[in-house]
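# Summary of structural features
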Amino acid sequence: MGLEHLFQKSKKKVKNTFLAMLASSFLFFSTCDDPSKLSEPPQKNNPPTIISNPITQVDENKDYSYQVNAKDDDGDKLTYSLIEKPNWLSISDTIISGTAPDVLEDKNFSVKVKVSDGKDYTEQPYTLTVKNLHNTRVLTEQNLNQLSSVQNNSLVFSNPVDFLSQDILVAGISDITPQGFLREVTDLSSDKKTVNTTPATIEQITEDTSFFFQRSIYPSDSLSFSGKMGISEMEVSKGFNFNIEIKDVVIYDKDGRPETTMDRITLNGNFGFNLDFSLDFDISKGQINKLDFRNIIDANAEIELDMISSLNFLSHEVKIAKYVFNPIIAYIPPSFPIIIVPELSLYAGVRGELDSPKIRLTNETNLMPQIIYKNNQWNELSTFINNFDFNFSEPTKANFNYKAYIGPKLDISLYGVAGPYAEANIYSQLVASEEDWKLYGGLEAILGVKAKIFSHTLLSCYKRVIDFKKTLKEGKINLNASGEILFVSGPEYSIYDLPQIYTINEDGSNMQKITNLQYHLFSNFEPRASPDGNKIVFVSKPDANTEPEIYIMELNTGNTTRLTNNFYEDINPDWSPDGSKIGFSSDRIGGGDRNIYIMDSNGLNPQRLNLPSKILNTETPRWSPDGQLIAFDGTETGSDYDIYVVYNDGSGLKKLVNNDYLDIEPSWSPDGSKIAFTSNRDGNREIYIINLDGTNEKRLTDDPALDAQPSWSPDGKRIVFISDRVVGYNQLHVMNSDGSEVRRIVTKEDNIDRTPSYLPQKNN
């Protein structure tokens, strides 16, 4: 091949190369002139960034919420999801939420949030801790079988338990937990067998719940029934479930001595009733939102209150019957047991100053008191209907006020802890002013809640839901009704017109002869009326061959019964305040000395009062208004006489008045605080008074004439006595108890009056 050929071949190659370069240059310049004809180079993507910090802790049973905040530098739209989570969490848009479960201990949950821009994504993993606050643990049958000891502040198990501090333990009814219990765990022993506890509250059982319970109570539900002496259960009658018979039940005894009855208040009658209750409450977010407690009572009461003498005190209440019921198990949703234990008691009480009242009150009633706690305050509602009937002794004393009541009280404990309670009373009230008196019948109902079983957010409540009083009768006080006097009157010496027993009003009106026993030679003296005013006891000598004996006369019929019959002298009779005994003076043991005896009011079982032998000629025994003591006069020297006081069994002898003169004829004031007596210490017989403790001795009369044989009026305002200051022989006189305003009561001008005493109060 020649050089030309090579040259030509080289030229061709250069030409081709040039053409290729030219084409390439053309293409380049063409592209620069039209950028759309060039391909876009790849761009770098920025992933999303999460800029919020997660919430990593929540209390059990509380709502959890975490809003995820993220940004994207490229401005891409973001989506949020959970790629790892517990089943109680979910995400909506940017918010992760859910309600934390109840856990036995602090528990960790893994959570992973994914935020994506569609090209790339970012994850945020974190640990969410659910804090254990407490757990409500219902003791299983196995737990209860292993429970060996239940103390106030601890539980002892035979095996280790898995309870934790702050757990709430709920026990149902079992042999070792008869009323269940509700407690919070404070700590455990190292071997986990001894659990130290403190009382828990209803709100700690569960955060949100509601409870409603209603129950009628029947005697058949009771575990036991007990009552004071005289209380018994009757057959079901008149549609009432509970029927209580009340027979001579002592609701007050001043001295507590069974042998004295004058200082007692007794109750008779019957009380029938039905009883039911309901309890309704709501708990929201661990606090009481509403509590409703109501009590429904249907009752019929026929009650008679009786006492013999006046008593002054402020208040006295006694439980006369009691039912203890079987525990009742109910459930707080979802399934927590609540143990309800009712206890039903019947109470009777008196308040104020009582003036020998005797009243029978009948009442039919229906009560429905209700208390409601809502919006942080207590309110009450009530409805009732009633019908009163009564029979009573109208007052003859001014300025006193007494109230007597009876009714059931229901106490409801939850897990053995005091909770709601209800009390309903039917009462009578007698109020006397200076001139007027009013008898009321009333109803009162009290509801309350002792908040120990509930948290401090619910305050204890006491509400007088019903306070109803109705005037049953009213009238004027007849003070003259206490001014009727029993006495002996007759000529000094006459075998044809013998002394007889009379009554007369203080103003001298209405003098009436009680006896007309003309054949008695030593007739009819020292009369004393029985406490009920239906009889008199007196002394009479039926013939010349007998000594004075003691008799009883029925005032309505005049029938007379001889109580003593012997060859000795029986005189100075006096009734015990309850009318069951008669004290008197007799020389039946011989030797010429008189001694004090006590016999039954029918004349049987005479017993000598055991007094020291050095006291001679004990006479004029007089019972104290409360029946505990006997005052009398006697001598240790045979010349001067003194006033003594002794218990009615002969114990506790005390010389009340002690001097060298004649101090005789004691008489008790109605309230038992003073004794009036006769003394000749100032040269002639006058009337004195002295306190029972021996203080404040005072002379009441001051006249050259004879003043003797004092006796107090039932209201304690006046003293009747005999005096010869006007006509020269003894006739009735009356004065105020301070010795003022002495006036004569005109009987028969020619008669001599003796041994006056007041009759018991009478009705108008």
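Just so it is clear, the model here is predicted, and its values are computed rather than measured.

### Side note on the overall build of the chain
When helices and strands are tallied, the chain shows two helices and 54 strands. When the accessible surface of the chain is summed, it comes to about 36500 Å², and 47% of that surface belongs to carbon and sulfur atoms.

### A few points about the sheet that holds strand β53 (residues 743-744)
Strands sit in the order β50-β51-β52-β53 across an open sheet of four strands; the sheet is antiparallel. Whereas interior strands pair on both sides, the edge strands pair on one side only; in this sheet they are β50 (707-712) and β53. As defined by bridge partners, β50 adjoins strand β51 (residues 718-723) across four bridges and the pair is classed as antiparallel. Along β51, the bridge assignment pairs Ala-708 with Ile-722.

### Focus on the pairing of strand β27 (residues 400-414)
Of all the 15 residues making up β27, 12 are buried; the element is thus mostly covered by neighbouring parts of the structure. Note that β27 and strand β28 (residues 417-432) share 12 bridges and pair antiparallel. What sits directly across from Lys-403, in β28, is Gln-429. Between β27 and β28, which pair antiparallel and follow one another directly, the connecting turn spans two residues, one of which, Tyr-415, has a positive phi of 55 degrees.

### Describing the nonpolar core
Core analysis: the biggest nonpolar cluster contains 86 residues, and Ile-202, Ile-251, Phe-281, Leu-291, Ile-320, Tyr-415 and Phe-454 have the highest contact counts within it. Excluding residues that lie within four positions of it along the chain, Leu-291 makes contacts with Leu-279, Asp-280, Phe-281, Ile-371, Ile-372, Tyr-373, Trp-378, Val-449, Phe-454 and Leu-458.

### Overview of the environment of Arg-183
Structurally, Arg-183 can be placed in strand β14 (residues 181-188). Its relative accessible area of 11% is what places Arg-183 among the buried residues. The residues contacting Arg-183, other than those within four sequence positions of it, are Val-150, Gln-151, Asn-152, Asn-153, Ser-154, Leu-155, Asp-167, Ile-168, Leu-169, Thr-197, Thr-198 and Ala-200. Polar side-chain contacts of Arg-183 include one of 3.5 Å to the backbone oxygen of Ser-154. Engagement of the side chain of Arg-183 in a polar contact is seen with the side chain of Thr-197, the distance being 3.4 Å.

### Re the confidence of the model for the chain
Overall, the prediction assigns the chain a mean pLDDT of 86, with 88% of residues at 70 or greater. Here helix α1 (residues 3-33) stands out as the element of the chain with the lowest mean pLDDT, 47, in contrast to strand β12 (residues 154-157), whose mean of 97 is the highest. A low-confidence stretch, residues 1-7 stays under pLDDT 50, and its non-local contacts, those more than four residues away or across chains, total one contact. Residue range residues 25-33 is modelled with pLDDT below 50. Its contacts to residues more than four positions away, or to other chains, number one contact.

### Let's talk about the pattern of salt bridges
According to the stated counting rule, one finds 31 salt bridges in the structure shown. The closest approach of N and O atoms between Asp-702 and Arg-699, which form a salt bridge, is 2.7 Å. One salt bridge in this structure joins Asp-703 and Arg-725, with 3.9 Å as the shortest N-O distance. Taken together, the residues Asp-703 in the loop between β49 (698-699) and β50 and Arg-725 in the loop between β51 and β52 (731-736) connect sequence positions 22 residues apart. Residue class for Arg-725 comes out partly exposed when judged on its relative accessible area of 26%. Among the charged side chains, a salt-bridge network with shared partners connects Asp-682, Glu-686, Arg-699 and Asp-702.

### Brief notes about the side chain of Asn-648
With respect to the helices and strands, Asn-648 occurs in the loop between β44 (642-647) and β45 (654-657). Under the relative-accessibility criterion, Asn-648 is labelled buried at 12%. One polar contact links the side chain of Asn-648 to the main-chain carbonyl oxygen of Gly-627, over a distance of 2.7 Å.

### Details of unusual backbone geometry
Put simply, Pro-333 and Pro-334 share a cis peptide bond, and its omega is 10 degrees. Within the fold, Pro-334 resides in the loop between β23 (328-332) and β24 (336-354). Even without being glycine, Asp-93 reaches a positive phi, approximately 60 degrees. Residue placement: Asp-93 occurs in the loop between β6 (90-92) and β7 (95-99). Judged by relative accessible area, Asp-93 falls into the exposed class, the value being 61%. Phi is positive for Asn-510, close to 55 degrees, though the residue is something other than glycine.

### A look at the packing of aromatic side chains
In total, this model carries 20 aromatic pairs according to the counting rule given. Through a chain of ring-to-ring contacts, the aromatic side chains of Phe-225, Phe-242, Phe-271, Phe-273, Tyr-323 and Phe-325 assemble into a single cluster. Positioned above the aromatic ring of Tyr-421, the side-chain terminus of Lys-450 is 5.6 Å from the ring centre.

### A closer look at the side chain of Glu-184
Looking at the secondary structure, you find Glu-184 in strand β14. Here Glu-184 is buried and forms no salt bridge, its nearest opposite-charge partner Arg-183 lying at an N-O distance of 11 Å. Contact partners of Glu-184, with chain neighbours within four places excluded, come to Gln-166, Asp-167, Ile-168, Asn-196, Thr-197, Thr-198, Pro-199, Ala-200 and Gln-204.

### Considering the sheet that holds strand β9 (residues 121-131)
Pairing is mixed across the open sheet formed by four strands, whose spatial order is β2-β9-β8-β5. Two strands bound the open sheet, and with one partner strand each, they are β2 (57-59) and β5 (79-84). Mean inter-strand twist for the sheet, computed between neighbouring axes without regard to direction, equals 30 degrees.

### What about the pairing of strand β11 (residues 147-150)?
Where β11 and β12 come together, three bridges link them in antiparallel fashion. When the bridges of β12 are listed, Ser-149 appears paired with Val-156.

### Some points on the environment of Ala-171
The residue Ala-171 is located in strand β13 (residues 168-171) in this model. A residue is classified by how much of its surface remains accessible, and Ala-171, at 0% relative accessible area, is buried. Along the chain, Ala-171 and Leu-144 lie 27 residues apart, while their C-alpha atoms are 8.1 Å from each other. Aside from chain neighbours lying at most four places away, what touches Ala-171 is Leu-139, Leu-144, Thr-177, Gly-180, Phe-181, Ile-339 and Tyr-415.

### Thoughts on the environment of Val-727
Along the chain, Val-727 falls in the loop between β51 and β52. With 23 residues separating them in the primary sequence, Val-727 and Asp-750 have C-alpha atoms 9.2 Å apart. Apart from residues lying up to four places away in sequence, Val-727 is in contact with Arg-744 and Glu-749.

Cut-offs and rules
- Residues numbered from 1 in each chain as written.
- Predicted model: local features only at pLDDT ≥ 70, side-chain atom pairs only at ≥ 80, totals over all residues.
- Heavy atoms only, no water.
- Helix = DSSP H or I, 4+ residues; strand = E, 2+ residues; numbered from the N terminus.
- Areas by Shrake-Rupley, 256 points an atom, 1.4 Å probe, with all protein chains shown as cover.
- Pairing = 2+ DSSP bridges.
- Buried < 20%, exposed > 50% of the residue type's maximum accessible area, 1.4 Å probe, protein only.
- Core = buried A, V, L, I, M, F, W, Y, C linked by side-chain atoms within 4.5 Å.
- Contact = heavy atoms within 4.5 Å.
- Polar contact = N/O pair within 3.5 Å; in protein donor to acceptor, adjacent residues only side chain to side chain.
- pLDDT = per-residue confidence, 0-100.
- Salt bridge = Lys/Arg side-chain N within 4 Å of Asp/Glu carboxyl O.
- Phe/Tyr/Trp six-rings, centres within 6.5 Å; stacked < 30°, edge-to-face > 60°.
- Lys NZ or Arg CZ within 6 Å of the ring centre and 35° of its normal.
- Lys, Arg positive; Asp, Glu negative; His and termini not counted.
- Axes fitted to C-alpha atoms, helices over the stretch in contact; angles between N-to-C directions.

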